[in-house]
Amino acid sequence: MRVGIDSYSYHRFFGEIREGEEDPGTRWTTWDFLDRAVDLGVDGVSLETCYLDLHDPDFRERLSGFLTDSWLEAVLAWGHPGGLEMGTSDQCLQDLLAMIDIAASLGIPLVRLVIGTYTHWGMEPADASVERLVPRVRAACRHAAESDIRLAIETHTALPVASLAGLIDRVDAPNLGVVLDTANVVRVGSNLLEATRLLAPKTDLVHLKDLNLADASFGDPGGWWPSVSLGTGHLELRRVLSELRSASFNGLVCVELATLPPGTDEDQMVEESVTWLRESIRLTGRRQ
């Protein structure tokens with residue numbers, strides 16, 4: 001397993017202030033984030049495409065050069081916040097296909113995609129959503145396969161974990177997997193370790209989040225789910241890493257922060273989390 005950072009950890013620095021958050025008064029560019037990743041010595045980055053100017057050829061050229069020179073492994077994370085909108089938007093599918101082409105041009109072999117978000121949770125029976133999504137995801141997989149790109153659907157609070165696993169099974173594409181987000185499976189009411197065991201064999205990328213569950217709004221994935229530094233919250237993250245190792249997962253594990261309570265410092269939290277993650281990967285490896 002390799003250590004990474006998802007750029008969403010710095011969403012406030014990119015100007016996205018979630019409900020209940022404070023504006024830190026700091027703004028970053030993509031290059032600020034990448035410089036910080038290099039400074040922390042991580043192996044890779046998951047780049048949220050909503051913060052990238054990927055339609056600018058000069059930006060793409062600079063990004064490609066930076067990734068080459070820094071030796072950072074990269075993933076393009078497409079779809080924040082609603083992604084494929086549960087299969088209801090042809091335009092969203094076209095946007096995904098275009099992002100796959102951009103990933104190919106940059107030499108980035110993995111694209112994270114989102115099928116929906118918490119606003120879609122419970123709006124219709126999960127089976128109906130899956131039925132509509134299957135042909136769209138299958139089309140995206142066919143397009144990605146032409147450029148040897150893998151796709152991975154994030155657990156993004158739009159479907160129950162079992163339904164997401166069923167969607168992937170029904171699409172039945174060799175280049176389709178999962179992005180396991182540890183907080184999001186808890187937000188939809190799943191047992192974290194059971195979800196990890198189910199999804200680990202399909203997992204291409206991990207978004208490792210920890211949560212303070214003291215005031216958790218269980219049953220409401222759109223409620224208050226404050227992020228904390230890895231290892232300081234209520235999620236059994238070292239056991240998650242052990243389960244992933246047992247399933248022979250050897251990809252990027254990216255530190256990610258989402259909702260940030262007032263008074264928090266995301267850059268300090270990321271640094272603390274990277275340190276904890278490196279040590280935890282080492283310890284779980286020793287136990288095998």
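Above this text you will find the structure in question.
Residues numbered from 1 in each chain as written. Predicted model: local features only at pLDDT ≥ 70, side-chain atom pairs only at ≥ 80, totals over all residues. Heavy atoms only, no water.

**Student:** Can you explain the overall build of the protein? Please cite residues and give values.
**Tutor:** Each helix and strand in the protein was counted, giving 9 helices and 10 strands. Referenced to the eigenvectors of the C-alpha coordinate spread, the extents of the protein come out at roughly 45 × 40 × 40 Å. Counting over 288 residues, the protein shows a buried share of 57%. When contacts within the protein are restricted to residue pairs at least 6 apart in sequence, long-range pairs at least 24 apart make up 80% of them. Put simply, the protein shows about 11,900 Å² of open surface, and 47% of that area lies on carbon and sulfur atoms. (Helix = DSSP H or I, 4+ residues; strand = E, 2+ residues; numbered from the N terminus. Buried < 20%, exposed > 50% of the residue type's maximum accessible area, 1.4 Å probe, protein only. Contact = heavy atoms within 4.5 Å. Areas by Shrake-Rupley, 256 points an atom, 1.4 Å probe, with all protein chains shown as cover.)

**Student:** Now, about the environment of P135: what can you tell me, with residues and values included?
**Tutor:** Here P135 shows up in helix 4 (residues 126-145). For the pair P135 and P160, spaced 25 residues apart in the sequence, the C-alpha separation amounts to 19 Å.

**Student:** Summarise the nonpolar core; cite the residues concerned and give the values.
**Tutor:** Counting residues in each nonpolar core, the largest one holds 97 residues, and the members touching the most others are L76, I115, L151, L208 and L277. Excluding anything up to four places from it in sequence, L151 contacts I100, L110, V111, L113, A140, C141, A144, N175, L176, G177 and D204. Of all hydrophobic cores here, the second largest spans 7 residues; its members include V75, V179, L205 and C254. (Core = buried A, V, L, I, M, F, W, Y, C linked by side-chain atoms within 4.5 Å.)

**Student:** Pulling in residues and values, what's your account of the pairing of strand 2 (residues 44-48)?
**Tutor:** When you tally the buried positions in strand 2, you get 5 out of 5 residues, the bulk of the element. Residues G44, S46 and E48 line one face of strand 2 and the alternating positions V45 and L47 line the opposite face, and both faces are buried. Two strands pair when backbone bridges link them, and strand 1 (residues 2-6) and strand 2 are joined in this way by 3 bridges, in the parallel orientation. Bridge pairing in strand 2 links D6 to S46. In the classification by handedness, the crossover that spans strand 1, the intervening helix 1 (residues 30-40) and the parallel strand 2 is right-handed. Alignment of strand 2 against strand 3 (residues 73-77), held across 5 bridges, turns out to be parallel. The partner of E48 across the bridge, within strand 3, is A77. (Pairing = 2+ DSSP bridges. Right-handed = clockwise from strand over helix to strand, strands pointing away.)

**Student:** Lay out the environment of H234 in plain terms, naming residues and giving numbers.
**Tutor:** Position of H234 among the secondary structure elements: in the loop between strand 9 (227-228) and helix 8 (237-246). Ignoring sequence-local partners within four residues, the contact set of H234 consists of D210, L211, N212, L213 and A214. One polar contact links the side chain of H234 to the main-chain amide nitrogen of L213, over a distance of 2.9 Å. (Polar contact = N/O pair within 3.5 Å; in protein donor to acceptor, adjacent residues only side chain to side chain.)

**Student:** Please give an account of the pattern of salt bridges that cites residues and values.
**Tutor:** Evaluation of the coordinates by the stated rule reveals 18 salt bridges. Across the pair R12 and E266 runs a salt bridge whose closest N-O atoms are separated by 2.6 Å. Here R12 is found in the loop between strand 1 and helix 1, whereas its partner E266 is found in helix 9 (residues 266-287), with 254 residues between them in sequence. Across this residue pair, the class does not change: R12 and E266 are buried. The shortest N-O distance in the salt bridge between R132 and E124 comes to 2.5 Å. (Salt bridge = Lys/Arg side-chain N within 4 Å of Asp/Glu carboxyl O.)

**Student:** I'd like a rundown of the side chain of T196, residues and numbers included.
**Tutor:** With respect to the secondary-structure elements, T196 resides in helix 7 (residues 192-199). For T196, a relative accessible area of 0% translates into the label buried. Side-chain polar atoms of T196 contact the backbone oxygen of L192, separated by 2.8 Å. Contacts of T196, omitting those with residues within four sequence positions, involve L180, V240, E243 and L244.

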